[in-house]
Amino acid sequence: MKTLQKNETKVINAAIIIVIVFASLVPTGLPITVSEATTKMYQGLSGLKPGDVVWFSFDQVFVVLPEVKASIQAVLQHLFMIQGIKILITSAYADGPAIYEGMISVTNKYGKVYGTDYVFLGYVVGNEMSIANLAKDIKTACPVDNYGTPLSQLPMMNNVNSASDIARYVTITLGPQFYWYIRQVVAPYKIPMYTISVGYFLSEIMPFFASGQLGGYIVGLKGGAEYETLIGTKGLASRGADAMSLVYGLLMVTIVAVNINYWRKPRGGK
Amino acid sequence: MSDILKRKEIPIVITAFVGIVVILSYFVTFDPLQSTANTITSWGAIIVASMLFIGLINLCQVHLNRIMKREKGVWPFSAWLLVAMFGTIIIGLWAGVPWGGTNDSWVFIYTYINTSISQTIFSLFGFYVISATIHALKARNLESGIFLISSFIIFFWAMPVGTYIWAGFSPLGDWVMNVLTAGAYRGILLGISLGLISFGIRVIAGIERGYLRRGD
Amino acid sequence: MDAFTIGVGTTVAALFTLMIYSILFKENVLYRFAESTAIAVAVGYGVVTTLKSLRTSTYIPLTNGNMLVLIPLFLGVLTYLTFIKKYAWLSLWPIGFLTGVGLGLSVRGAIQAQLIEQIDATILPLTGSSTDLFNNIIIFISTIAVLYYFLFTINFKNPTVNSVSEGVRKFARYFIMVGLGVGFSGASLSWIVDVIVRIQFLLFEWLHL
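Model, not experiment: these values are computed from the prediction. (Residues numbered from 1 in each chain as written. Chains lettered and ligands numbered in written order. Predicted model: local features only at pLDDT ≥ 70, side-chain atom pairs only at ≥ 80, totals over all residues. Heavy atoms only, no water.)

**Examining the overall build of chain A**
Here is step 1: A count of helical and extended segments in chain A gives eleven helices and six strands.
Here is step 2: The principal-axis extent of the C-alpha atoms belonging to chain A is close to 70 × 35 × 30 Å.
Here is step 3: Counting the 270 residues in chain A, one finds 61% classified as buried.
Here is step 4: Partitioning the intrachain contacts of chain A with sequence separation of at least 6 by distance along the chain shows that 72% fall at a separation of at least 24.
Here is step 5: Carbon and sulfur atoms provide 58% of the accessible area of chain A, an area that totals close to 9800 Å².
Here is step 6: Positive and negative side-chain charges of chain A, numbering 21 and 16 respectively, have mean locations separated by a distance of 12 Å. (Helix = DSSP H or I, 4+ residues; strand = E, 2+ residues; numbered from the N terminus. Buried < 20%, exposed > 50% of the residue type's maximum accessible area, 1.4 Å probe, protein only. Contact = heavy atoms within 4.5 Å. Areas by Shrake-Rupley, 256 points an atom, 1.4 Å probe, with all protein chains shown as cover. Lys, Arg positive; Asp, Glu negative; His and termini not counted. Charge placed at Lys NZ, Arg CZ, Asp CG, Glu CD.)

**Remarks on helix α3 (residues 70–78) of chain C**
Here is step 1: For α3 of chain C, every residue scored as buried is listed here: Pro-72, Leu-75, Gly-76 and Leu-78 of chain C. The buried side chains of α3 of chain C occupy one side of the element, clustering within an arc of 155° when seen end-on.
Here is step 2: Residues of α3 of chain C that are buried in the fold lie against α3 (31–50) of chain B together with α4 (92–122) of chain C. (Arc of directions from axis to C-beta.)

**Some details on the domain arrangement of chain A**
Accessible area lost upon the coming together of the parts serves often as the stated size of an interface.
Here is step 1: For chain A, the domain assignment lists domain 1 (1–30 + 239–265) and domain 2 (33–234).
Here is step 2: A C-alpha centroid distance of 36 Å is found between domain 1 of chain A and domain 2 of chain A. (Domains from an automatic or database assignment.)

**Focus on the packing of aromatic side chains**
Here is step 1: This model, assessed by the stated rule, comprises 40 aromatic pairs over all chains.
Here is step 2: Here Trp-175 of chain B and Phe-134 of chain C contribute two aromatic rings whose centre-to-centre distance is 6.4 Å and whose plane-to-plane angle is 5°, an arrangement assigned as stacked. Placement of Trp-175 of chain B in helix α9 (residues 169–204) and of Phe-134 of chain C in helix α5 (residues 130–151) is noted, with the two residues assigned to different chains.
Here is step 3: Through pairs of rings, three or more aromatic residues link up here, namely Phe-56, Phe-58, Tyr-100 and Phe-120 of chain A.
Here is step 4: Over the aromatic face of Trp-157 of chain B sits the side chain of Lys-222 of chain A, whose NZ or CZ is 4.3 Å from the ring centroid.
Here is step 5: Positioned above the aromatic ring of Phe-201 of chain C, the side-chain terminus of Arg-198 of chain C is 4.6 Å from the ring centre. (Phe/Tyr/Trp six-rings, centres within 6.5 Å; stacked < 30°, edge-to-face > 60°. Lys NZ or Arg CZ within 6 Å of the ring centre and 35° of its normal.)

**Describing the interface of chain C and chain A**
Here is step 1: The interface is formed by 43 residues belonging to chain C together with 47 residues belonging to chain A.
Here is step 2: Together, the buried faces of chain C and chain A total about 4000 Å²; carbon and sulfur atoms form 68% of this surface.
Here is step 3: At the boundary of chain C and chain A, one finds one salt bridge.
Here is step 4: A salt bridge links Lys-190 of chain A to Glu-117 of chain C, with the shortest nitrogen-to-oxygen separation between them at 3.4 Å.
Here is step 5: For the interface between chain C and chain A, the tally reads 17 residue pairs in polar contact (both at pLDDT 80 or more).
Here is step 6: In terms of residues, the side of chain C that touches chain A owes the most to one element, helix α6 (residues 159–206) of chain C, which gives 19 residues.
Here is step 7: Of the residues contributing to the side of chain C that touches chain A, the split by class is 23 nonpolar, 15 polar and five charged. (Buried area = accessible area lost by both parts, 1.4 Å probe. Salt bridge = Lys/Arg side-chain N within 4 Å of Asp/Glu carboxyl O. Polar contact = N/O pair within 3.5 Å; in protein donor to acceptor, adjacent residues only side chain to side chain. Nonpolar A, V, L, I, M, F, W, Y, C, P; charged D, E, K, R; others polar.)

**A word on the interface of chain B and chain C**
Here is step 1: Contacts between the two partners involve 108 residues from chain B and, on the opposite side, 105 residues from chain C.
Here is step 2: Roughly 10300 Å² of surface becomes buried between chain B and chain C when both sides are summed, with 81% attributable to carbon and sulfur atoms.
Here is step 3: Broken down residue by residue, the surface that chain B buries against chain C is led by Trp-43, Tyr-112 and Arg-186 of chain B, which jointly contribute 7%.
Here is step 4: For the pair chain B and chain C, the number of links is one salt bridge.
Here is step 5: Across the salt bridge formed by Arg-173 of chain C and Glu-143 of chain B, the nearest N and O atoms sit 2.9 Å from each other.
Here is step 6: Viewed at the interface, chain C and chain B are joined by 19 residue pairs in polar contact (both at pLDDT 80 or more).
Here is step 7: Broken down by element, the side of chain B that touches chain C gets its largest block of residues, 24 residues, from helix α6 (residues 104–136) of chain B.

Here it is in structure tokens:
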């Protein structure tokens, strides 16, 4: 017992790994319940009409990709499914282009043509400034696409000049850069925004969802599993959902046990 | 003349002018003001891009220092770091990335090395957070009890087995987030926004000068 | 990339993953090697991709005849003088410029997006279904109480007023605890998922289980 207490951290780490391995190898396949926010996001994007332009702000970094990769793929796949819409993809982070290249071949299974149906501008440096510049005048902020082709040579960009030409704004929220989108795009141009958020920023986006500035959101792996359910596919997220249940379940049981132990002892936990 | 140029008032005036133009352009419809603000924000992005080597120079300074001093147990890793960093840059330039190009070596580096290591380092926090959660989530009083209960509701909301046990966890979790959390964080957000605006005004007015301490 | 390269890459990624996870049990040389590699590759990658963006924002406009971009380029070069003590004062000019732009953008956006629209969203109708009415009242009261908690830390001389003030602050703390609980569990969700995905990478993509 004393050895266990002395090596408590190592025991917990080993237990986590064992539980995840077990849950991954023995999936339960429980159904996914779709939340209100995910439904609103799905409905908001499904309501796009032919000719509408979606601006997908592909602001992603490698470090948090595991949590949101499935969600991004599901949303991107959904956008490619919708007939007749155009997709403008940009990135305010250096990692964005590499992540985009890894995803595009997996998600573009519906015959969309680059240059006509979707365009990728690549990394536009400047953080909040780059978002503001792109919203104001896309062709001045970024005169060529990720591959060096002038935007004037891409048919899709003929009628897309600023955020005023955008019907929906889809973003990826990793942290405080969420406020860039709200301040520089949503507030001035009144475009409906939907976001794929990481779990640790969830509570901060709540006021914006409640106020309607954010039309809908999906959170991490759970959100990805929900979105996959809505678009009728089974991808990366569903694989991780079972392991989530077991790890959280173990965590909660341990917390309850610790609390029972705490309250059993004389007041003050001594 | 150089004494005049060295005065701190010059960058303060630059900050004030630029800040006022950018703010006013949002609220005042006046074409010369709008175009000046647009030029200023596009110049800002170019300045940020031009600074790309600052981090590189700083990193080289730190690690070259360690190598030259032969710091025990550290200098071999610093040497490897510099070799790997310049190797990555050379491969990227050879692949033609600044000109929109790519090749298999570049893809290999960011897919199998950059991605895997950075994600794994980040995931280490998961282990520490789980250990911390077990110790932190103790219902010592009413407030920590509320903290514990709201955490549990979200845990049940998030995991498939939670909504399988009781379907009500989904709407309950939605309500806790969209009503209770929204109200609480809106209050925090309003306070932060007022703080941000007053801080911005203080910097633009030259009262806050912390960003100028570099020149000391 | 061919299948062999993908296989080699997956193995390299798996080995780096195991090297990093070895720190969970003991500090060792393999972890430090992997950590140094991470920093090196991340910085190298960032430099190359930023060069691309710099080329797009400066070289292309210059070749199109826009000479004005030389001004911000010059200001950007001035920032490097921070390394030379004698001329470090010159680096304050572009820093001042960037500070002005950054603050200007965030302040003007915050006034509308984070202040006015959020206040507007707090003034909710007292009509509608009983559920909507209940929710609207909760949102209104909690917003005001939490704002009061953070903005007003005055001890009133009148004991009645002071006790009401303390009551509001205590009430606000309960809502803050709910919000922090949601935030904490959200953060836990993030970190735990990162671990799950990395381990599943080892199981499914490397070991093909």
